[in-house]
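Examining the three-dimensional arrangement
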Amino acid sequence: MIIIMQPNVPEIEIKKIKDKLIKLGCEVNEYQSQNYRILGLLGDTSKIDPGLIKSNRNVDKIIFVNEPYKKVNRLFHPEDTIIKLLDKTIGGDHVAIIAGPCSVESEEQIIDIAKQVKKSGASFLRGGAFKPRTSPYSFQGMGNDALNYLKSAREITGLPIVSELLSINMLDKFIEDVDIIQIGARNMQNYDLLKELGRIDKPILLKRGLSATIEELLMAAEYIMAGGNERIILCERGIRTFETYTRNTLDLSAIPIIKKKSHLPIIVDPSHATGLWWLVEPLAKAAIAVGADGIMIEVHNDPSNALCDGNQSIKTERFDTLMNSLREIARIENKIL
Ligand code: PEP
Ligand code: MN
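Remember, it's a predicted structure, so these values are computed and weren't measured experimentally.

**Digging into the site of ligand 1**
- Taken together, 13 residues lie around ligand 1, and Arg126, Lys131, Ala185, Lys207 and Arg237 are the ones closest in.
- Taking Gln182, its side chain carries an N or O atom lying 2.9 Å from an oxygen atom of ligand 1.
- Ala185 places a main-chain nitrogen or oxygen 2.8 Å from an oxygen atom of ligand 1.
- For ligand 1, the protein covers 97% of the area, taking 300 Å² as the surface of the free molecule.
- Grouping the amino acids of the shell around ligand 1 by side-chain chemistry returns 3 nonpolar, 3 polar and 7 charged.

Below, the structure written as structure tokens:
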């Protein structure tokens, strides 16, 4: 339930109504926009008599929230969540570009790619250190060494780093080393992990599960937010359908739907969505055109010899050209890139 207060209600009156609701067993979340104040109620609201609340002259109206996700719901927080990180911004009018290889393969490789994507205008560097591979015999990532190489690349280029956390065991190390913690599609519903992420003060990039609905993605984000961490970036990375031509099917409609339903920023990963390098470019453009807050792209300096996902990685030169097109689309959309 959401209570929208009349404008300019004195603090003392707000406190009175809040105390009453807390006494009835609700958690009250406050949101203050430029023009109005909202009280978002969580927990068992069955003991609350809506008629009684409405009769309070300081209350403008009551909205019943039917969706199971509350804190990530736009009704609880009508304005976009904007995440600031060093000198970078994600959400609002900004388009964030996260680029880099699927996996860190050596210090030289990640530094070379970092320099090139930075020159082309990327705002963040991605690179897998621990890889969730379908086969246990495939390259599993360089682990801690990769994190050190990513840190060197950050030091040289100034690009904040994004890397995937696979398990709670490594959480402390990631809090120390990484700027944005990526939670991959396979871990989207690892609720123990999500609860731990709720307790930390670090932005989380939460990818949509392989077969997750939009509501399930938002509920996963709700787990993190319920713990107190509000800096969440959602990521559409394609879902499993009957189509086999592409690795996954990019659900572009999820972008405007999520922007309508939630205040959290949502970005698109056209690389894992398609699995094919030549599809990355058109779908990255489409993502910005439908209102995504950014994209995450796999870029490699030598895709044909990449240890992971070379087929879907674009070359650094191609990334440079793509950035020019993305800037044009962002301009038409009145976004900053
Ligand atoms: C990745 O980004 O490297 C990755 C493994 O993606 P996903 O979790 O979307 O499959
Ligand atoms: Mn990959």
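Back to the write-up after that little detour.
**A short note on the pattern of salt bridges**
- Within this structure, the stated rule accounts for 22 salt bridges.
- When the shortest N-O distance is used, the salt bridge between Asp251 and Arg208 registers 2.9 Å. Within this pair, whereas Asp251 is found in the loop between β12 (232-236) and α8 (254-261), its partner Arg208 is found in the loop between β11 (204-207) and α7 (214-226), the two being separated by 43 residues in sequence.
- Arg208 sits in the buried class, given a relative accessible area of 4%.
- Between Asp309 and Arg247 there is a salt bridge, with its nearest N and O atoms 3.3 Å apart.

**Re the packing of helix α6 (residues 191-198) against α7**
- The geometry of α6 relative to α7 is characterised by a closest axis approach of 6 Å and an angle of 45° between their N-to-C directions. What the angle tells us is that α6 and α7 run oblique. On α7, the residues touching Tyr191, Leu194, Lys195, Leu197 and Gly198 of α6 are Ala220, Tyr223 and Ile224.
- Looking at the contact of α6 with α7 residue by residue, the class counts come to 6 nonpolar, 1 polar and 1 charged.

**Describing a nonpolar patch on the surface**
- There is a patch of nonpolar side chains on the surface, built from Tyr245, Trp277 and Trp278 and spanning about 390 Å² of accessible area.
- By relative accessible area, Trp277 is classed as partly exposed at 38%.

**Comments concerning α6**
- Taken together, the buried positions of α6 are occupied by Leu193, Leu194, Leu197 and Gly198. In a view along the axis of α6, the buried residues occupy a sector of 145°, so they form one face of it.

**Side note on the environment of Val290**
- Here Val290 shows up in the loop between α10 (277-289) and β14 (294-300).
- Judged by relative accessible area, which is 33%, Val290 ranks as partly exposed.
- In sequence terms Val290 and Tyr36 are 254 residues apart; their C-alpha atoms lie 29 Å from each other.
- Those residues in contact with Val290, other than ones at most four positions away along the chain, are Leu252, Ile255 and Pro256.

**Looking at the packing of α10 against helix α11 (residues 316-332)**
- Running from N to C, α10 and α11 point in directions that differ by 20°, and their axes come no closer than 9 Å. By the angle between their axes, α10 is roughly parallel relative to α11. Once α10 is placed against α11, the crossing between them reads as right-handed. In contact with Trp277, Glu281, Ala284, Lys285, Ile288 and Ala289 of α10, α11 contributes Arg318, Leu322, Ser325, Leu326, Ile329 and Ala330.

**With respect to the side chain of Arg37**
- Inspection of the secondary structure puts Arg37 in strand β3 (residues 37-42).
- Judged by its relative accessible area of 14%, Arg37 is buried.

**A word on the pairing of strand β7 (residues 96-100)**
- Burial runs high along β7: 5 of the 5 residues are buried.
- Side chains of β7 alternate between two faces, with Ala96, Ile98 and Gly100 and Ile97 and Ala99 buried alike.
- Relative to β14, β7 runs parallel, the two sharing 5 bridges. What sits directly across from Ile97, in β14, is Ile295.
- Note: β7 against strand β8 (residues 124-126), 2 bridges, orientation parallel. Each bridged residue has a counterpart across the sheet, and for Ile98 the counterpart in β8 is Phe124.
- With helix α3 (residues 107-120) bridging β7 and the parallel β8, this β-α-β connection has right-handed handedness.

**Details of the sheet that holds strand β2 (residues 27-32)**
- With antiparallel pairing, 4 strands are arranged side by side in an open sheet as β2-β3-β1-β4. Two strands bound the open sheet, and with one partner strand each, they are β2 and β4 (59-63). On average, each strand axis in the sheet is tilted by 20° relative to the strand beside it, whichever way the strands run.
- Set on the sheet, helix α1 (residues 11-23) makes contact with β1 (2-5), β2, β3 and β4; between it and β3 the angle comes to about 10°.

What counts as what
- Residues numbered from 1 in each chain as written.
- Chains lettered and ligands numbered in written order.
- Predicted model: local features only at pLDDT ≥ 70, side-chain atom pairs only at ≥ 80, totals over all residues.
- Heavy atoms only, no water.
- Near = heavy atom within 4 Å.
- Polar contact = N/O pair within 3.5 Å; in protein donor to acceptor, adjacent residues only side chain to side chain.
- Areas by Shrake-Rupley, 256 points an atom, 1.4 Å probe, with all protein chains shown as cover.
- Nonpolar A, V, L, I, M, F, W, Y, C, P; charged D, E, K, R; others polar.
- Salt bridge = Lys/Arg side-chain N within 4 Å of Asp/Glu carboxyl O.
- Helix = DSSP H or I, 4+ residues; strand = E, 2+ residues; numbered from the N terminus.
- Buried < 20%, exposed > 50% of the residue type's maximum accessible area, 1.4 Å probe, protein only.
- Axes fitted to C-alpha atoms, helices over the stretch in contact; angles between N-to-C directions.
- Parallel < 35°, antiparallel > 145°, perpendicular 65-115°, else oblique.
- Contact = heavy atoms within 4.5 Å.
- Patch = residues over 30% accessible without salt bridge, like charges linked within 9 Å, V, L, I, M, F, W, Y side chains within 5 Å.
- Arc of directions from axis to C-beta.
- Left-handed = near helix turned anticlockwise from the far one by under 90°.
- Pairing = 2+ DSSP bridges.
- Right-handed = clockwise from strand over helix to strand, strands pointing away.

It is worth stressing that arrangement in space is one thing and function is another; only the former is reported here.
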